[in-house]
Amino acid sequence: MRISVFGLGYVGCVSAACLAYRGHEVVGVDVNPVKVDLVRDGKAPVVEDRIGELTAQVVGTGALRATSDVAEAIAATDVSLICVGTPSEPNGSLSTAFLERVTEQIGEELAVKQARHTVVFRSTMLPGTCLELLVPILEKASGLTAGPDFGVAVNPEFLREGTSVKDFFEPPKTVIGEIDEATGDIVAALYEGLPGDVFRVPIPVAEMAKYADNAFHGLKIGFANELGAICRALGLDSHRVMDVFLADRKLNISPAYLRPGFAFGGSCLPKDLRGLVYAAHRADVSVPILAHVLPSNDEHLRRAYELVVRTGKRRIGLFGLSFKPGTDDLRESPLVELAERLLGKGYDLRIYDANVSLSRLMGANREYIESRLPHLGQLLASSVEEVLAHAEVCLVGSTDPAVLAALPRGGDRVLIDLVRLPDADARRTEQGYVGLAW
């Protein structure tokens, strides 16, 4: 393909050189004449492993050249990759000034170009930026319509400085947010043959994917460092502890617990988090991440409660009560906490959980529920149908097959999904369906 790459910083320089190496005809574009001259001389404008030799090679073969002329670049290419910076403003917001400027310039050139062009945003930007800000700029400047007249896509990069060339050729995944299938096909062809799964998704999903990655990377580093600080204060070798932690590929280093759902609870997680944070405080170690895990969990529970409040209805049916499926353990169950909040605000509540029978509850489990929901016997229903007959609002905190089979579709009853039902995608368009975090 004939490709123009706007912005010759780390992402743009690496993308341009690597695409040229893969056989494409690439034009690098930048407002900085120093960067343009460096590329013209076969030199990389950034310091990065392998990029110097790669740039010299592809410039030498004529596969990569550079210019500061936007009109020339658009006229000579069929696809434009936008790799300009999106720095933080002093208040933490994202600056889109460079993006807007380049987008307007490209739009003006599309107005006079006869052939169809595809604009691919590779810059990191928040969900909504492309469709709500940049596409209108393109359409206004060009007088054309995105989709029918020109292609638009978001193709976030997952390149690490220091290993970005290696990461380009060995990506963990390729993400393509496409305005239409034809545009997605063009972007996918740029990376054909590279390893990793390819995700073709709506444009806002592609925008969010980069933020999900980087937020989790920061969270992991912060978690490891806070745990290391606690270990040091307690006289432990943190690396020995993490060797044990990392050996668990079933729960620790895995997809486990990484699907949005309801709040966590049970007899272990809350207790152990409180204990660890207490130990850190006793050792005069500040652990802001660990200290805010339980408050974050409480906030998620509050979101569920607020969804009920917004319905304006008073008769509530709750499906599920134990802290996880397949158990009758009610200790620190978020569903018990939710039921307690609803009762405290005067809601008329009925509960169904096939695993919970008041007569079978024993020991600490019984003591806990008697202290939190002393009138549980009056709230428990013997069947799904009994709860459905009562409820104006159904709170679904269980994936019990009997519950799933009986849940109504559409109608006047509100269904608040706390677990992401198996048919959630189909239900999302139905009247009354509300997902907690999706």
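What you are looking at is a predicted structure, and each value in this text was computed from that prediction instead of being measured. (Residues numbered from 1 in each chain as written. Predicted model: local features only at pLDDT ≥ 70, side-chain atom pairs only at ≥ 80, totals over all residues. Heavy atoms only, no water.)

Remarks on the sheet that holds strand β10 (residues 348–352)
Turning to step 1, where the next piece is worked out: One open sheet accounts for five strands, arranged β10-β9-β11-β12-β13; its pairing is parallel. A strand with exactly one partner marks an edge of an open sheet, and here the two such strands are β10 and β13 (433–435). This sheet shows a mean twist of 20 degrees between the axes of neighbouring strands, independent of strand direction.
Turning to step 2, where the next piece is worked out: Sheet topology places strand β9 (residues 315–319) next to β10; five bridges connect them, and they run parallel. If you follow Gly 317 over to β10, its bridge partner there is Arg 350. (Pairing = 2+ DSSP bridges. Helix = DSSP H or I, 4+ residues; strand = E, 2+ residues; numbered from the N terminus. Axes fitted to C-alpha atoms, helices over the stretch in contact; angles between N-to-C directions.)

Section: the packing of helix α1 (residues 10–21) against helix α3 (residues 51–60)
Turning to step 1, where the next piece is worked out: Between α1 and α3, the least distance of the axes is 9 Å, while the angle of their chain directions is 50 degrees. Relative to α3, α1 is oriented oblique. In this structure, α1 meets α3 at a crossing whose hand is left-handed. Residue-level contacts link Cys 13, Val 14, Ala 17, Cys 18, Ala 20 and Tyr 21 of α1 to Ile 51, Leu 54, Thr 55, Gln 57 and Val 58 of α3.
Turning to step 2, where the next piece is worked out: Broken down by class, the residue content of the contact of α1 with α3 amounts to nine nonpolar, two polar and no charged. (Parallel < 35°, antiparallel > 145°, perpendicular 65-115°, else oblique. Left-handed = near helix turned anticlockwise from the far one by under 90°. Contact = heavy atoms within 4.5 Å. Nonpolar A, V, L, I, M, F, W, Y, C, P; charged D, E, K, R; others polar.)

Considering the sheet that holds strand β5 (residues 118–121)
For sheets, the rule is that strands pair by backbone hydrogen bonds, running either parallel or antiparallel.
Turning to step 1, where the next piece is worked out: Strands sit in the order β3-β2-β1-β4-β5-β6-β7-β8 across an open sheet of eight strands; the sheet is mixed. Lying at the two open borders of the sheet, with one neighbouring strand each, are β3 (64–67) and β8 (197–201). Strand-to-strand, the axes of this sheet are offset by a mean angle of 25 degrees, without reference to chain direction.
Turning to step 2, where the next piece is worked out: By the bridge criterion, four bridges tie β5 to strand β6 (residues 151–154) in an arrangement that is parallel. From the neighbouring strand, Val 120 faces β6, where its bridge partner is Ala 153.
Turning to step 3, where the next piece is worked out: Helix-sheet contacts for helix α8 (residues 181–190) involve β1 (2–6), β4 (79–82), β5, β6, β7 (173–178) and β8, and the interaxial angle to β7 is about 155 degrees.

A few points about the pattern of salt bridges
Turning to step 1, where the next piece is worked out: All chains considered together, the criterion is met by 25 salt bridges.
Turning to step 2, where the next piece is worked out: Notably, a salt bridge pairs Asp 37 with Arg 40, separated by 3.6 Å at the nearest N-O pair. Placement of the pair is Asp 37 and Arg 40 together in helix α2 (residues 33–40), with a separation of three residues, close to one helical turn.
Turning to step 3, where the next piece is worked out: Taking the relative accessible area as the measure of exposure, Asp 37 reaches 38% and is therefore partly exposed.
Turning to step 4, where the next piece is worked out: Assessed through its relative accessible area of 47%, Arg 40 is described here as partly exposed.
Turning to step 5, where the next piece is worked out: Where Asp 167 meets Arg 160, a salt bridge forms, and the shortest distance between an N and an O atom there is 2.8 Å.
Turning to step 6, where the next piece is worked out: The exposed category is assigned to Arg 160, whose relative accessible area is 52%. (Salt bridge = Lys/Arg side-chain N within 4 Å of Asp/Glu carboxyl O. Buried < 20%, exposed > 50% of the residue type's maximum accessible area, 1.4 Å probe, protein only.)

Here we look at the packing of helix α13 (residues 293–311) against helix α14 (residues 334–344)
Turning to step 1, where the next piece is worked out: Running from N to C, α13 and α14 cross one another at 45 degrees; their axes reach a closest spacing of 10 Å. In terms of their interaxial angle, α13 and α14 are classed as oblique. Where α13 crosses over α14, the two elements pack in a sense that is right-handed. Seen from α13, the contacting residues are Asp 298, Leu 301, Arg 302, Ala 304, Tyr 305 and Val 308; seen from α14, they are Pro 334, Glu 337, Leu 338, Arg 341 and Leu 342.
Turning to step 2, where the next piece is worked out: Of the residues contributing to the contact of α13 with α14, the split by class is seven nonpolar, no polar and four charged.

As for the environment of Tyr 191
Turning to step 1, where the next piece is worked out: Among the structural elements, Tyr 191 can be located in the loop between α8 and β8.
Turning to step 2, where the next piece is worked out: Of the residues examined, Tyr 191 reaches a relative accessible area of 8% and is grouped as buried.
Turning to step 3, where the next piece is worked out: When the C-alpha positions of Tyr 191 and Asp 329 are compared, they lie 50 Å apart, and in sequence the two are 138 residues distant.
Turning to step 4, where the next piece is worked out: With sequence-adjacent residues up to four places away left out, Tyr 191 is seen in contact with Arg 22, Leu 81, Arg 122, Asn 155, Phe 168 and Thr 174.

Thoughts on a nonpolar patch on the surface
Turning to step 1, where the next piece is worked out: A cluster of nonpolar side chains, contributed by Phe 216, Leu 219 and Leu 258, occupies part of the molecular surface with about 260 Å² of accessible area.
Turning to step 2, where the next piece is worked out: Mapped onto the fold, Leu 219 is located in helix α9 (residues 203–233). (Patch = residues over 30% accessible without salt bridge, like charges linked within 9 Å, V, L, I, M, F, W, Y side chains within 5 Å. Areas by Shrake-Rupley, 256 points an atom, 1.4 Å probe, with all protein chains shown as cover.)

Here we look at the pairing of β6
Turning to step 1, where the next piece is worked out: Of the two faces of β6, the one lined by Gly 151 and Ala 153 and the one lined by Val 152 and Val 154 are each fully buried.
Turning to step 2, where the next piece is worked out: In this region the chain leaves β5, passes through helix α6 (residues 129–142) and returns to the parallel neighbour β6; the handedness of that crossover is right-handed.
Turning to step 3, where the next piece is worked out: As paired elements, β6 and β7 share two bridges and run antiparallel to each other. Considered in β7, the bridge of Ala 153 is made with Glu 178. (Right-handed = clockwise from strand over helix to strand, strands pointing away.)

What to know about α3
Turning to step 1, where the next piece is worked out: When α3 is considered as a whole, its buried residues turn out to be Ile 51, Leu 54, Thr 55, Val 58 and Val 59. Across the axial projection of α3, the buried residues extend over an arc of 120 degrees, all falling on one side. Residues Glu 53 and Gly 60 are exposed on α3 and point more than 90 degrees away from its buried face.
Turning to step 2, where the next piece is worked out: Packing partners of the buried residues in α3 comprise α1, α2, β3 and α7 (164–169).
Turning to step 3, where the next piece is worked out: Positioned one or two residues after α3, Gly 62 has a phi angle of 85 degrees, which is positive. (Arc of directions from axis to C-beta.)

Points about the packing of aromatic side chains
Turning to step 1, where the next piece is worked out: In the structure shown here, the tally under the stated rule is four aromatic pairs.
Turning to step 2, where the next piece is worked out: Ring plane angle 65 degrees and centroid distance 5.7 Å describe the contact between Tyr 21 and Phe 169, whose orientation is recorded as edge-to-face. With a gap of 148 residues between them, Tyr 21 in helix α1 and Phe 169 in helix α7 connect regions that are remote in the sequence.
Turning to step 3, where the next piece is worked out: Through successive ring pairs, a cluster of aromatic residues spans Tyr 21, Phe 168, Phe 169 and Tyr 191.
Turning to step 4, where the next piece is worked out: A cation over an aromatic ring shows up here: Lys 173 above the ring of Phe 158, its NZ or CZ 4.7 Å from the ring centre. (Phe/Tyr/Trp six-rings, centres within 6.5 Å; stacked < 30°, edge-to-face > 60°. Lys NZ or Arg CZ within 6 Å of the ring centre and 35° of its normal.)

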